[in-house]
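Listed here are the chains, written in short residue letters.
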Amino acid sequence: MTTGELLTARTGTAALDDHGVMVALDGLVDGAGHWSGKGSLAGIERTGRYLAGTWEPAAPNEGPGRAGEGSWTRFIGRIGAVALRAAVEPTRDERRRRLLALLEIWADSPFADPRAALRTGLVRLADGGPEAVRDERGAAVAVGWAADGLRTFVDLRTGEADPPGLGVIEEATDVPRGGWGSAEQVRRLLDLVRERGPVPWDPDAVALLRDGTGTGRAAASFALAGMLAVGYLPHLDDRERKIHGLKVAEVEDGFHECARARPLDRLELAADVLPEDPAELWEPHGLRAVAERIAHAWRERYGRRTAVPERTFSTVIELRPFRLPAARFCAAFTDHASIRGLGSDLDTWIRNGEHGPFLTAGGRDLVDFEDTLRAVVPHLFRVCTELPAGDPVRAGAPGLVRALRDRLNHPGLLLNAGTLSHTVGHGVADVRDRFGSHPYTGGPEPLDVASADDGLTVVVDGVVDRRGERSRPRLFFRPAFHGDDERSRTLRAASAGFRHGSGIEAVEWLRGPACARLVERLEDTSLPPGAYETNPALSVPGVLARAAGELGVDEDAAALYLQLLTLYAPSDRNIRTWNGWKPTRHQKAAAVLAERGLAVEDKRARAGRRLFLPGEWIHAQKPYQPMEAWKADLLGVGRSYNGRLENPLPLPTRTLPELFAHAWNLVEEGRGPSA
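Residues numbered from 1 in each chain as written. Predicted model: local features only at pLDDT ≥ 70, side-chain atom pairs only at ≥ 80, totals over all residues. Heavy atoms only, no water.

(A) Region of the structure containing the overall build of the protein chain. Counting its secondary structure elements, the protein chain contains 26 helices and 17 strands. Dimensions of the protein chain, computed from the C-alpha atoms along their principal axes, are close to 95 × 70 × 40 Å. Nonlocal contacts in the protein chain, meaning residues at least 24 apart in sequence, comprise 69% of its contacts between residues at least 6 apart. Positive and negative side-chain charges of the protein chain, numbering 86 and 94 respectively, have mean locations separated by a distance of 3 Å. (Helix = DSSP H or I, 4+ residues; strand = E, 2+ residues; numbered from the N terminus. Contact = heavy atoms within 4.5 Å. Lys, Arg positive; Asp, Glu negative; His and termini not counted. Charge placed at Lys NZ, Arg CZ, Asp CG, Glu CD.)

(B) Fine view of the sheet that holds strand β7 (residues 167-174). If you walk across this open sheet you meet the five strands as β4-β5-β6-β3-β7, and the pairing is antiparallel. Of all the strands in the sheet, just β4 (132-135) and β7 have a single pairing partner and so form its edges. When the angles between neighbouring strand axes are averaged without regard to direction, this sheet yields 20°. The sheet contact formed by strand β3 (residues 117-125) and strand β6 (residues 150-157) spans seven bridges and is antiparallel. (Pairing = 2+ DSSP bridges. Axes fitted to C-alpha atoms, helices over the stretch in contact; angles between N-to-C directions.)

(C) Expanded view of the environment of R124. Within the secondary structure, R124 is located in strand β3. For the pair formed by R124 and A142, sequence separation is 18 residues and the distance between their alpha carbons is 9.6 Å. The contacts of R124, once residues within four sequence positions are left out, are D148, G149, L150, G167, V168 and E170. A distance of 3.4 Å separates a polar atom in the side chain of R124 from a polar atom in the side chain of E170. (Polar contact = N/O pair within 3.5 Å; in protein donor to acceptor, adjacent residues only side chain to side chain.)

(D) Quick look at the packing of helix α6 (residues 203-213) against helix α7 (residues 217-224). Where α6 meets α7, the closest approach of the two axes is 8 Å, and the angle between their N-to-C directions is 115°. One way to sum up the angle between α6 and α7 is to call them roughly perpendicular. In terms of crossing hand, the pair formed by α6 and α7 is right-handed. Counting all contacts with α6, which are made through A205, V206, L209 and R210, the residues of α7 involved are R217, A220, S221, A223 and L224. (Parallel < 35°, antiparallel > 145°, perpendicular 65-115°, else oblique. Left-handed = near helix turned anticlockwise from the far one by under 90°.)

(E) Region of interest: the packing of aromatic side chains. Overall, the coordinates contain eight aromatic pairs when judged by the stated rule. Ring-pair connections join several aromatic residues into one group, and the members of that group are W72, F75, W106 and F111. Of note, R134 hangs over the ring of Y50, and the distance from its end group to the ring centre comes to 4.2 Å. If you follow R604 out to its NZ or CZ, it ends over the ring of F612, 4.2 Å from the centre. (Phe/Tyr/Trp six-rings, centres within 6.5 Å; stacked < 30°, edge-to-face > 60°. Lys NZ or Arg CZ within 6 Å of the ring centre and 35° of its normal.)

(F) Spatial organisation of the nonpolar core. Grouped together as the largest cluster of nonpolar side chains are 85 residues, with contacts concentrated most on F75, L103, W106 and L224. Of the residues forming this core, the biggest block, eight residues, is contributed by helix α4 (residues 93-107). In this view, W106 contacts I44, W72, F75, I76, I79, F111 and A112; residues no more than four positions away in its chain are not counted. Judged by nonpolar contacts, the second largest core, of 69 residues, contains V316, L319, L387 and L404. (Core = buried A, V, L, I, M, F, W, Y, C linked by side-chain atoms within 4.5 Å. Buried < 20%, exposed > 50% of the residue type's maximum accessible area, 1.4 Å probe, protein only.)

The following block contains the structure:
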């Protein structure tokens, strides 16, 4: 037994024992700030050795030391998730070295003994009490940093009686046993990685996992690599991204999708997916068996989403629906009943908060519902027009719209409506003539600030900050009662200037005529399966014939001209996809337009095309799309203070066939684009 040893006993491990351990364990542990110092691996090793009776601190009250905030204790019974990440090819070498060092420590500890009677939990230490105790009954160690006076602990019982205690135990759980991760399995994996190198990557296993879960390809690839979170920038280096076969936008989307899971969920998904004999990982289809086991664990935990085509995912990622990753955005269309807040009516209320009253539903249902509402409505038009007939996401749009309308008709639903307009007033007292004097009483507790509730709208005063300044009054509304009555007109006036993104605009559009015509168009079966509404030859053959005749060009050139006039992102790749054209056919149509002076050839940043309408070009930064000034006016895209297009598309007032017809009418009237 060694007394008072402060560093790990393993040769070479001390050099790895720094903040890089947290990066290597990203997504599997909590408390990033607590892992910034040295001693993490040493602390884990000494904790195991203290429990086993092979290490003794120098002072009676001295513990084995801290490793992060203590969340590493979740690895007990779930170390397979760490082992998967350590073994596969995409893991960065400097991270793999730390993971292998941790596994080496683990294999020699009681944590890898399936017979060890271990518990973890939270304890309130006695004042001045020890951080580690041991006697004939076993041992207990407080690990990590204190939070609200509580410390994470792990203890080991060596007999029938409970092990010695550190203080008042607030929570205790026996660690899971019986899964992958015995000392023999961990050592076998270590030997194989060092002998054969990491497990070669298998894209077919990624596809198997994606199809088995309905996740995005990036999220499936990350899951198979044990990387269900990649929060440290850069998310992937060039080598890792090449192995995964992902574009930068796909990496960002996959990170967004994975980030919603808790560390414990990520651990449990991959805890028991490795083969009993780790050597099977290096067999030709070794990773495919792992993918099947991860898919099974995923479906048991989250259910299965409808798998959508890769082209659909790419289209959605290009739309960049900020609030939702592509997989969850698609699931809102294909499996909307499974989305929290969409499958059944949602009751919400206003409660007090540190930064003022806020809406809640007691869980994540409201967050998911609002995220879905605000991601779907602004992108519904482009989803329905840029995806082909028969696509599962496009086909699911009418059902999603109906589900949203049903939820909005529930009297118990309150939504955010922004803040009170400066021109209306600065507090509840200023607007009692508009909203009455009846206070809001719908929550479980009285609000800390003044409020007014007229049955449709709830106005609540802001709170005073540290500088003594009061924030703007907040507006909430019940969409079930919103319409064309006097109360609704009062709400619109009070939120003027703040309607965009507040929920009011989305509710009005979903119930309005433009949405109704869009749904009617989607349910029309005249568009052949696989065809795109963005192709004028299929969506507006009459308008196309008129345009070809008036311009004196063939229908290919006329179709391309209509697309340049109206479509948000008519990149060369999109045009060829939508029209089913080969490059030669596209180039021939483009040459006709350029020769007639109807379009100009050029090279412009972020356009993805070489053909443009004549006239002014307006720049934009990501995620907004640069375009011709004439088209920006047609679509109603506003310019920002600096003259750039840095505003989202307004909600549409026309279907795409109607927009094609309107654009051509302007050209016929002599109001088309000109140099």
